[in-house]
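Listed here are the chains, written in short residue letters.
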Amino acid sequence: SQQGEEDPQALSIQEGENATMNCSYKTSINNLQWYRQNSGRGLVHLILIRSNEREKHSGRLRVTLDTSKKSSSLLITASRAADTASYFCLSDYKLSFGAGTTVTVRA
Amino acid sequence: DTAVSQTPKYLVTQMGNDKSIKCEQNLGHDTMYWYKQDSKKFLKIMFSYNNKELIINETVPNRFSPKSPDKAHLNLHINSLELGDSAVYFCASSQGPRGFSYEQYFGPGTRLTVT
């Protein structure tokens, strides 16, 4: 199976709520990236977190990395309608992306 | 200015035809990629070039042939198109040779429909 499996597959939340999605991987990594894909568009890079970092912030985004569990999470705080998109993770040992987590923010 | 551009955006063609998709990046990056995104949203790498040299060639039918005339361009030619080739094809580029420690910049995608 693919490295970097995002979970859940889909998430629906109310505007203003937080959204959390997870990414698991199978081998040791040097870094992991998160990307966003709006409908009908290419992926846009959000955050890169290195293996020696546990947490990283960018605006309303927070990424954590737990190398002991081989997992990462992306938290979007105070979600907005514009956050509706699919979110993908990519570890540096992985060639392809997974299917992502589709986030729908309801007004 | 568009960083990574692809043409055409939409491509509808019949089985058996040959078609090409073009990609250009104006970021000065060394590495370029072709990805295929299927209907379930899996985004799979097909090829990667670094400084015009093929460095990644995933299990892709021989009907797919990439060509990189220079660092800024990576084209994808597909022979004898099949129904299963219908997908969205994305071009991307990154600064570094391996790419996966570097941010990738994606084009807008080319939606290929084979009838």
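You'll find the structure just up there.
**Q** Can you lay out the interface of chain B and chain A for me, pointing to particular residues and giving the numbers?
**A** Frequently, the measure chosen for interface size is the accessible area that the parts lose on association. Facing 22 residues of chain B, the contacting portion of chain A comprises 23 residues. Around 1700 Å² of area is buried between chain B and chain A when both sides are counted, 52% of it from carbon and sulfur atoms. On inspection of chain B and its partner chain A, the count reaches zero salt bridges. Where chain B touches chain A, the interface holds eight residue pairs in polar contact (both at pLDDT 80 or more). Listing elements by their share of the side of chain B that touches chain A, those giving two or more residues are β4 (31-37) and β5 (43-50) of chain B. Of the residues forming the side of chain B that touches chain A, the biggest block, three residues, is contributed by β5(B). In terms of residue class, the side of chain B that touches chain A is made up of 10 nonpolar, five polar and seven charged.

**Q** How would you sum up the state of the cysteines? Please name residues and give values.
**A** All names here are of chain A. Applying the stated rule across the entire model yields two disulfides over all chains. Bridging Cys 23 to Cys 89, the disulfide has an S-S length of 2.0 Å. Here the disulfide of Cys 23 and Cys 89 is right-handed, its torsion about the S-S bond being about 75°. With Cys 23 in strand β3 (residues 19-24) and Cys 89 in strand β9 (residues 85-91), this pair connects stretches of sequence that are 66 residues apart.

**Q** Help me get a handle on the pattern of salt bridges, residues and values and all.
**A** Residues and elements named next belong to chain B. In this structure the tally under the stated criterion is five salt bridges over all chains. A salt bridge links Asp 30 to Lys 71; the shortest N-O distance between them is 2.7 Å. A residue pair is termed long-range when its members are at least 10 positions apart, and Asp 30 in the loop between β3 (19-25) and β4 and Lys 71 in the loop between β7 (64-70) and β8 (73-78) qualify at 41 residues. Judged by relative accessible area, Lys 71 falls into the partly exposed class, the value being 36%. For Glu 82, the salt bridge identified is with Arg 63, shortest N-O distance 3.4 Å. Taken as a pair, Glu 82 in the loop between β8 and β9 (87-94) and Arg 63 in the loop between β6 (53-57) and β7 lie far apart in primary sequence, 19 residues in all. Taking the relative accessible area as the measure of exposure, Arg 63 reaches 15% and is therefore buried. Here the salt bridges do not stand alone but share partners, grouping Arg 63, Glu 82 and Asp 85 into one network.

**Q** I'd like a description of the sheet that holds strand β2 (residues 10-14) of chain A, backed by residues and values.
**A** All names here are of chain A. An order of β2-β10-β9-β4-β5 is seen for the five strands of this open sheet, with the pairing classed as mixed. What marks the edges here is a single partner per strand, and that holds for β2 and β5 (43-50). Looking at each pair of strands side by side, their axes are set apart by 25° on average, direction ignored.

**Q** So what's going on with the pairing of β4(B)? Which residues, and what values?
**A** Side-chain direction in a regular strand flips from residue to residue, so the side chains alternate between the two faces of the sheet. Residue and element names in this part refer to chain B. Burial within β4 is extensive, with six of its seven residues counted as buried. In the sheet, β4 pairs with β5 via seven bridges, with the strands oriented antiparallel. Bridging from a neighbouring strand, Tyr 33 pairs with Ser 48 of β5. A loop of five residues connects β4 with β5, the two strands running antiparallel in sequence, and Lys 41 in this loop sits at a positive phi of about 80°. As paired strands, β4 and β9 are joined by seven bridges and run antiparallel to one another. Its bridge partner being in β9, Trp 34 is matched across the sheet by Cys 91.

**Q** Report on the sheet that holds β7(B), specifying residues and quantitative values.
**A** Residues and elements named next belong to chain B. With antiparallel pairing, the four strands of this open sheet are ordered in space as β1-β3-β8-β7. Unpaired on one side and paired on the other, β1 (4-7) and β7 mark the two borders of the sheet. The mean inter-strand angle of the sheet, taken between neighbouring strand axes irrespective of direction, is 20°. Note: β1 against β3, four bridges, orientation antiparallel. Looking at the pairing, Ser 5 lines up with Glu 24 of β3.

Calculation rules
- Residues numbered from 1 in each chain as written.
- Chains lettered and ligands numbered in written order.
- Predicted model: local features only at pLDDT ≥ 70, side-chain atom pairs only at ≥ 80, totals over all residues.
- Heavy atoms only, no water.
- Contact = heavy atoms within 4.5 Å.
- Buried area = accessible area lost by both parts, 1.4 Å probe.
- Salt bridge = Lys/Arg side-chain N within 4 Å of Asp/Glu carboxyl O.
- Polar contact = N/O pair within 3.5 Å; in protein donor to acceptor, adjacent residues only side chain to side chain.
- Helix = DSSP H or I, 4+ residues; strand = E, 2+ residues; numbered from the N terminus.
- Nonpolar A, V, L, I, M, F, W, Y, C, P; charged D, E, K, R; others polar.
- Disulfide = S-S within 2.5 Å.
- Buried < 20%, exposed > 50% of the residue type's maximum accessible area, 1.4 Å probe, protein only.
- Pairing = 2+ DSSP bridges.
- Axes fitted to C-alpha atoms, helices over the stretch in contact; angles between N-to-C directions.

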